[in-house]
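Here is what each chain is made of, one letter per residue.
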Amino acid sequence: MVAVRRSEAALEAVDLVKTYSTGRNKPPVTALQGLSFWAAKGTVFGLLGPNGAGKSTTVKILSTLAVADSGSARIAGIDVAARPDRVRQAIGFVAQKPGTDPMETATENLLLAGRLHGMSRRDAKARARELIDRFGLADAANRPVSTYSGGMARKLDVALGLMHRPQVLFLDEPTTGLDPQARSEMWHEIARMAGDEQMTVLLTTHYLDEADRLADRLAIVDHGTVVAEGTPEDLKSDLRGDAVQVELAATDSRAPAVLQRVPVLREITLDGCTVRGRTDDGARALPPVLAALEEAGIAVTSATLARPSLDDVYLRHVGHSPLTVGDEDPKALEAAK
Ligand SMILES: Nc1ncnc2c1ncn2[C@@H]1O[C@H](COP(=O)(O)OP(=O)(O)OP(=O)(O)O)[C@@H](O)[C@H]1O
């Protein structure tokens with residue numbers, strides 16, 4: 001990628017601090033404690049992090065829906081606190097929840113969004129037609145949205161966010177609940193918007209494969225600050241060595257201590273039934289790892305070796321894997337905070 005100066009940032013957060021009050025006699029919650037990152041024009045920037053890390057709060061501040069206690073944020077060079085009206089013109093926002101009216105057709109939904117953004121009827125019509133074609137919705141354009149598949153409805157959500165040709169698009173979990181083909185179509189379209197149209201996309205996602213595939217750069221957020229930032233490739237190559245992953249027949253809290261005794265293995269973590277570690281020479285490490293577990297009476301179902309993945313990067317910085325969206329159970333979410 002061509003080096004881009006920070007002064008050319010399309011999106012910039014500097015030392016954002018945000019505290020929420022939670023009622024009388026209760027301590028306030030610190031959501032952001034000095035969070036900073038920036039994204040260059042025409043790129044996809046991924047924001048990753050566990051539940052409660054501060055991603056939504058960051059997006060709310062950048063999109064003028066919330067005000068920071070301190071720090072600053074700019075969109076296309078415009079200060080969000082000083083000129084929220086101008087920022088709103090420059091951004092599109094695609095939330096997790098559908099923003100469409102299910103009883104109206106795709107065309108009607110898009111025309112309404114265009115008119116709300118102050119577009120002329122003619123411009124709105126032309127833009128709606130263009131987006132309907134681009135997202136492959138032409139055959140369904142005049143049917144109520146309530147008859148759409150999940151993938152079609154999600155594409156329409158993204159099209160709504162694009163109606164007024166924003167410079168920066170906020171995409172919150174764009175592919176949650178989509179089947180593999182619909183996910184891949186959505187990825188293709190997101191990459192195209194950034195590349196061909198020089199639109200900057202801020203993507204929040206729990207899917208590390210999505211961030212790996214789409215993000216030019218990404219930040220991992222935890223406890224209200226950025227704990228790692230860079231291109232997916234840089235972040236992965238910062239982790240030296242092979243990842244060793246062992247699946248246990250049942251979770252066993254003794255496993256990390258048992259594996260500490262294998263000298264070539266480091267950074268050992270246990271996550272459910274999965275034990276992970278890192279080693280400079282995977283082929284040499286695997287036999288003593290399996291022998292140590294067997295000796296301790298810990299049953300193993302499989303063992304694999306892999307080059308570092310974004311999962312490993314995330315694990316290193318956050319300490320556990322992201323929860324799979326759709327699997328959330330409130331207690332697990334609470335425990336993950
Ligand atoms: N309106 C609010 N009032 C009180 N606390 C809040 C409010 N909104 C967020 N928080 C708290 O601020 C912290 C950051 O929350 P935030 O929603 O920004 O995290 P997140 O990374 O987006 O999480 P998720 O992935 O679950 O959406 C959490 O501890 C959360 O409970």
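Up top you'll find the structure we're talking about.
Everything quoted here is computed from the prediction, not taken from an experiment.

Engineer: Can you walk me through the overall build of the chain in this structure?
Structural biologist: The number of helices and strands found in the chain is twelve helices and 14 strands. For the chain, with 337 residues in total, the buried portion stands at 47%. Element-wise, carbon and sulfur atoms account for 50% of the exposed surface of the chain, whose accessible area totals about 16,600 Å². Looking at the chain, you have 40 positive and 45 negative side-chain charges, and the mean spots of the two groups are 6 Å apart.

Engineer: Can you help me understand the sheet that holds strand β1 (residues 9–20) in this one?
Structural biologist: What links the strands of a sheet is backbone hydrogen bonding, and the strands pair in either a parallel or an antiparallel sense. An order of β2-β1-β4-β5 is seen for the four strands of this open sheet, with the pairing classed as antiparallel. Both edges of this open sheet fall to β2 (29–40) and β5 (78–79), since each of them pairs with a single strand only. Of the strand pairs in this sheet, β1 and β2 are connected by nine bridges, and their pairing is antiparallel. Bridge pairing links K18 to L32 in β2.

Engineer: How should unusual backbone geometry be read in this particular structure?
Structural biologist: Of all residues except glycine, most have a negative phi; of all peptide bonds, most are trans. Even without glycine at this site, D15 takes up a positive phi of about 50 degrees. Looking at the secondary structure, you find D15 in strand β1. One non-glycine residue, A76, lies in positive phi territory at about 50 degrees. Along the chain, the position of A76 falls in the loop between β4 (70–75) and β5.

Engineer: Just to check I follow, could you spell out the pairing of strand β12 (residues 266–271) for this structure?
Structural biologist: Within a regular strand, the side chains alternate between the two sheet faces. Note: β12 against strand β13 (residues 274–279), four bridges, orientation antiparallel. Opposite R266, over in β13, you have R278 as the bridge partner. Taking the residues that link successive antiparallel strands as the turn, the β12-β13 hairpin has two residues, and the phi of G272 there is positive, at about 65 degrees.

Engineer: What is the right way to look at the sheet that holds strand β6 (residues 91–94) in this model?
Structural biologist: In spatial order, the strands read β6-β7-β8-β3-β9-β10; together these six strands make up an open sheet with mixed pairing. Strand pairing shows two members of the sheet lacking a second neighbour, β6 and β10 (225–230), which therefore form its edges. Sheet twist, expressed as the mean angle between neighbouring strand axes with direction ignored, is 15 degrees. Direction of pairing for strand β3 (residues 44–48) relative to strand β8 (residues 200–204): parallel, over a ladder of four bridges. Note that in β8 the partner of L47 across the bridge is T204.

Engineer: Looking at this model, I keep getting lost on helix α5 (residues 150–162). Mind explaining?
Structural biologist: Because each turn of an α-helix spans 3.6 residues, side chains separated by three or four positions end up pointing in the same direction. Over its 13 residues, α5 runs 19 Å from end to end, which matches the ideal 18 Å to within 8%, given 1.5 Å per residue. By the criterion of burial, α5 is predominantly enclosed, with ten of the 13 residues buried. Residues of α5 that are buried make contact with β6, α3 (106–116), α4 (121–134), β7 (168–172) and α6 (180–197).

Engineer: Explain the pattern of salt bridges to me, please; I cannot follow it from the model alone.
Structural biologist: A side chain of one charge can pair with a side chain of the opposite charge if their charged atoms are brought near each other. Summed over the entire model, instances satisfying the criterion amount to 24 salt bridges. Across the pair R83 and D85 runs a salt bridge whose closest N-O atoms are separated by 3.3 Å. Here R83 falls in the partly exposed class, since its relative accessible area comes to 36%. R266 is paired through a salt bridge with E267; the nearest N and O atoms lie 3.6 Å apart. With relative accessibility at 22%, the residue R266 sits in the partly exposed group. You can call E267 partly exposed: its relative accessible area is 35%. Each member of the salt-bridge network shares a partner with another, and the members are R127, E130, R134, E189, R192, D196 and E197.

Criteria and cut-off values
In every chain, residue numbers begin from 1 and rise along the written sequence. Confidence filtering applies because this is a predicted model: local features only for residues at pLDDT of at least 70, side-chain atom pairs given and counted only at 80 or more, and all residues used for totals across whole chains, interfaces and linings. Derived side-chain values reflect all non-hydrogen atoms in the structure, with water molecules and hydrogen atoms excluded from consideration. For the purposes of this entry, the term helix denotes a DSSP run of H or I that reaches at least four residues, the term strand denotes a run of E that reaches at least two, and both are numbered from the N terminus. Buried, partly exposed and exposed residues are distinguished by accessible area as a fraction of the type maximum, computed with a 1.4 Å probe on protein chains only: under 20%, between the cut-offs, and over 50%, respectively. Here, Shrake-Rupley sampling with a 1.4 Å probe gives the accessible areas, and only protein chains in the shown set may cover a residue. This count recognises Lys and Arg as positive and Asp and Glu as negative, with His and chain-terminal groups excluded. We put the charge of a Lys on NZ, of an Arg on CZ, of an Asp on CG and of a Glu on CD. Strand pairing is assigned whenever DSSP detects at least two bridges linking the two strands. Here the axes come from fitting lines to C-alpha atoms, over the contacting stretch only for helices, and the angles between their N-to-C directions go from 0 to 180 degrees. Expected helix span is taken as 1.5 Å per residue step, with the number of steps being one fewer than the number of residues. Contact criterion: two residues are considered in contact whenever any of their non-hydrogen atoms come within 4.5 Å of each other. Salt bridge, as used here, is a side-chain nitrogen of Lys or Arg placed within 4 Å of a carboxyl oxygen of Asp or Glu.

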